[in-house]
Amino acid sequence: MRQRTIQRRRLAALLVAVVVVAGVVVVLLGRGGESSGPRRLAPGAGTTDATRDPFGYDARHQADFETAAAAGLSHPLYDKSPGGAYATAQRVARFRPVIEDVARRAHQDANTLEAIVFLESAGRSDAMASDDLNSAVGLTQILAQTATGLLGLKVDVAKSTRLTQQIGRSQSFKHIAQLKRRRAQVDQRFDAHQALMATTRYLEFAQDNLHGRADLAVESYHMGVGNLQRALKAYGNSDIPYAQLFFDSTPARHAAAWKVLSSLGDDSSTYLWRIGAAKDIMKLYRDDPAKLKAQAALQDSPGGERVLRPQSTSTAFANADALRTDALVQLTGAALRPSAALARAPTGQDALRPDALRLLRYLALGVRGFSRTAPVVVTSAARSVAQEDRDTRGAFGTAEAAPSTHTTGFAFDLSRAYRSDAQAQALQFWLDRLTALNVIAWTREADVIHVTVGPRAARLSQ
């Protein structure tokens, strides 16, 4: 019995020793990992052994990036569609039968083809980009040269121009209808069915030249196959999702690809995301028209900020006493100086919700990292409804309808007195990128950039 007791004690001691040794190994490994310091927050640089970026592209969540981008880039569709998004959806829906027929014959996605119609012509088969009919015209806005040289359409620009001029002068609806039928015969871009068929031929051509990727083919409809191939070559991989090319290219990471994308202008690089937004609008039109109208009302706010922070779900601070709360964090001390990236003008509004403050610091650090210039200046943060009610001099700007999102603690203003062109360009990059991530909504006012921070900023605290 005594021998067994001694054996048990020895075994227990051995187990303790093993645990202690294992613990020492873990501690040493932990210290070894920390010897070079924790990974620093590096917006736009990606997540590496030395850096972390909570908004950096992650291939495991490609669909989430695509969904966020469609939501983040939806505001222009609501704001700029002729007659509004609902009226445009009505016009586009009239073509749904022919769209479905053409898509079925071409073995392509009807919803994508419908979204192209929404973006390109807002559902108007006689839409013209300019008076020069060599430029884009028709339901899917096809250039004359592309129509005849690549897509097999019949286009006589001279005859089409004469008929278009006659249409403009005619006072008879019957005569106008006759002229339009004649024009569609000499310029098939004005024939809805022919234009849609041509668009599917383009998408097939593009897909064949872009490794069979449908997403790249759709993006190329606005960007062009050659430009997209150039961007992919600069990235170093021509067979990747467009989400990876777009979100993984920044001035600090795959900079050559980012330069190609950013040099194109005219919203080329965000075309695929706006296609996604158009799909969402058309789905709402079919499934829940009332919800589409409600969404359009929220999108009527500056930059669509009330989509991120609806008044019905965002608590506003009524007065100065309400601002004295643990729900707000003061913009003081270290909070304003992450690597000297932030500064504050002496306005008295110096608090934000924690997630908004984290986003502000992330944005400022990103601007600082890309521009290497003096701090971004915060001119205004949280304020109360009473403060806005007392404002009779327009000190809080004109773009924001009272009560503004400042009264929720989720908004701040940045000075437009930039320290350099590099700082202005870096800020523009981050405003655009965080919008595409559906993290912020923003508007440009006379002296400030007004930014509203949405719920997705919470990932900065994870």
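Keep in mind the model is a prediction, meaning the values are calculated, not measured.

About the thresholds
- Residues numbered from 1 in each chain as written.
- Predicted model: local features only at pLDDT ≥ 70, side-chain atom pairs only at ≥ 80, totals over all residues.
- Heavy atoms only, no water.
- Helix = DSSP H or I, 4+ residues; strand = E, 2+ residues; numbered from the N terminus.
- Buried < 20%, exposed > 50% of the residue type's maximum accessible area, 1.4 Å probe, protein only.
- Contact = heavy atoms within 4.5 Å.
- Areas by Shrake-Rupley, 256 points an atom, 1.4 Å probe, with all protein chains shown as cover.
- Polar contact = N/O pair within 3.5 Å; in protein donor to acceptor, adjacent residues only side chain to side chain.
- Axes fitted to C-alpha atoms, helices over the stretch in contact; angles between N-to-C directions.
- Parallel < 35°, antiparallel > 145°, perpendicular 65-115°, else oblique.
- Nonpolar A, V, L, I, M, F, W, Y, C, P; charged D, E, K, R; others polar.
- Lys, Arg positive; Asp, Glu negative; His and termini not counted.
- Salt bridge = Lys/Arg side-chain N within 4 Å of Asp/Glu carboxyl O.
- Pairing = 2+ DSSP bridges.
- 1 Å grid on protein atoms, 1.4 Å probe; cavity = no way out; pocket = protein on both sides within 12 Å on 5 of 7 lines; lining within 4 Å.
- Points joined across faces, edges and corners; volume = space filled by probe spheres on them.
- Core = buried A, V, L, I, M, F, W, Y, C linked by side-chain atoms within 4.5 Å.

Report on the overall build of the protein chain, specifying residues and quantitative values.
A tally of regular secondary structure across the protein chain gives 21 helices and nine strands. Taken across its 462 residues, the protein chain has 47% of its residues classed as buried. Looking at the protein chain alone, contacts between residues at least 24 apart form 66% of all its contacts between residues at least 6 apart. Here the protein chain displays about 22,900 Å² of accessible surface, and carbon together with sulfur accounts for 51% of that area.

Which residues make up the side chain of Gln-188, and what values do they have?
Residue position: Gln-188 is located in the loop between helix H9 (173-186) and helix H10 (192-208). From its side chain, Gln-188 meets the backbone nitrogen of Lys-154 in a polar contact 2.8 Å long. Those residues in contact with Gln-188 that lie beyond four places of it in its chain are Gly-152, Leu-153, Lys-154, Gln-194 and Ala-195.

Now, about the packing of helix H6 (residues 110-121) against helix H15 (residues 271-287): what can you tell me, with residues and values included?
Two quantities define a packed helix pair, namely the angle between the axes and the distance from one axis to the other. At a minimum axis separation of 8 Å, H6 and H15 run at an interaxial angle of 105°. Accordingly, the angle class assigned to the pair H6 and H15 is roughly perpendicular. Between H6 and H15, the residues in contact are Asn-111, Thr-112, Glu-114, Ala-115, Ile-116, Phe-118, Leu-119 and Glu-120 and Tyr-271, Arg-274, Ile-275, Ala-278, Lys-279, Ile-281, Met-282 and Arg-286, respectively. When grouped by side-chain class, the residues that make up the contact of H6 with H15 number nine nonpolar, two polar and five charged.

Lay out the side chain of Arg-353 with the relevant residues and their values.
You can see Arg-353 is positioned in the loop between strand S5 (351-352) and helix H19 (354-371). The charged side chain of Arg-353 is buried without a salt bridge, its nearest counter-charge being Asp-355 at 9.0 Å. The residues contacting Arg-353, other than those within four sequence positions of it, are Thr-315, Phe-317, Ala-327, Leu-328, Thr-408, Gly-409 and Phe-410.

I'd like a description of the pairing of strand S7 (residues 411-415), backed by residues and values.
Here S7 lies mainly inside the structure; five of its five residues are buried. Burial of the side chains of S7 extends over both faces: Ala-411, Asp-413 and Ser-415 are buried on one face and Phe-412 and Leu-414 on the other. Sheet analysis places S7 next to strand S9 (residues 448-453), joined by five bridges and oriented antiparallel. Pairing of Asp-413 across the sheet is with His-450, part of S9.

So what's going on with the sheet that holds strand S8 (residues 440-444)? Which residues, and what values?
Taken in spatial order, the five strands line up as S4-S6-S7-S9-S8 in an open sheet, and their pairing is mixed. Of all the strands in the sheet, just strand S4 (342-344) and S8 have a single pairing partner and so form its edges. The mean angle between the axes of side-by-side strands here comes to 35°, regardless of whether they run parallel or antiparallel. Summarising the sheet, strand S6 (residues 376-380) and S7 pair through two bridges and their orientation is antiparallel. Among the inter-strand pairings, Ser-380 is bridged to a residue of S7, identified as Asp-413. Seen against the sheet, H19 touches S4, S6, S7, S8 and S9 and runs at an angle of roughly 25° to S7.

Account for the pattern of salt bridges, naming residues and giving values.
Side-chain pairs of opposite charge can arise where the charged atoms are in close proximity. Applying the stated rule across the entire model yields 15 salt bridges. Salt-bridge contacts for Arg-104 lead to Asp-101; the nearest nitrogen and oxygen are separated by 2.8 Å. With Arg-104 and Asp-101 both in helix H5 (residues 96-106) and three residues apart, the pair spans about one turn of that helix. Given a relative accessible area of 18%, Asp-101 falls into the buried group. Among the ionic pairs, Asp-109 bridges to Lys-279, the shortest N-O distance being 3.8 Å. With Asp-109 in the loop between H5 and H6 and Lys-279 in helix H15, this residue pair connects regions lying 170 residues apart in the sequence. A relative accessible area of 40% means that Asp-109 is categorised as partly exposed. Because the salt bridges share partners, they merge into one network encompassing Arg-96, Glu-100, Glu-114 and Arg-286.

How would you sum up the layout of surface pockets? Please name residues and give values.
Each pocket or cavity is described by its volume, and for the second largest pocket that value is around 420 Å³. Along its surface, the second largest pocket is lined by 19 residues, and Thr-112, Val-218, Leu-272, Ile-275 and Lys-279 are the ones closest to its centre. Where the lining of the second largest pocket is concerned, the elements lending two or more residues are helix H2 (62-72), H6, H10, helix H11 (214-223) and H15. It is H15 that provides the largest number of residues to the lining of the second largest pocket, a total of six residues. Classifying every residue of the lining of the second largest pocket by side-chain character gives nine nonpolar, five polar and five charged.

Account for the nonpolar core, naming residues and giving values.
In this structure, Tyr-242, Leu-245, Phe-247, Trp-273, Leu-359, Leu-414 and Leu-434 are the most contacted members of the largest nonpolar core, which totals 100 residues. Of the residues forming this core, the biggest block, ten residues, is contributed by H15. With near-sequence residues (within four places) excluded, Tyr-242 lies in contact with Asp-215, Leu-216, Glu-219, Met-223, Leu-228, Leu-261, Ser-269, Leu-272 and Trp-273.

A description of empty space enclosed by the protein should follow, citing residues and the corresponding values.
To find leftover empty space, one rolls a probe the size of a water molecule over the atoms. On inspection of all chains with the given rule, the structure shows two cavities of 30 Å³ or more. The space that makes up the largest cavity amounts to roughly 100 Å³. As for the largest cavity, its lining consists of 15 residues, of which Gly-44, Asp-53, Gly-56, Phe-247 and Thr-250 are closest to the centre. Of the residues contributing to the lining of the largest cavity, the split by class is seven nonpolar, four polar and four charged. The space that makes up the second largest cavity amounts to roughly 70 Å³. Together, Val-367, Pro-375, Val-376, Val-377, Ser-415, Ala-417, Tyr-418, Arg-419, Gln-423 and Leu-427 line the second largest cavity. For the lining of the second largest cavity, the secondary structure elements donating two or more residues are S6 and helix H21 (421-436). The residue inventory of the lining of the second largest cavity, partitioned by class, reads seven nonpolar, two polar and one charged.

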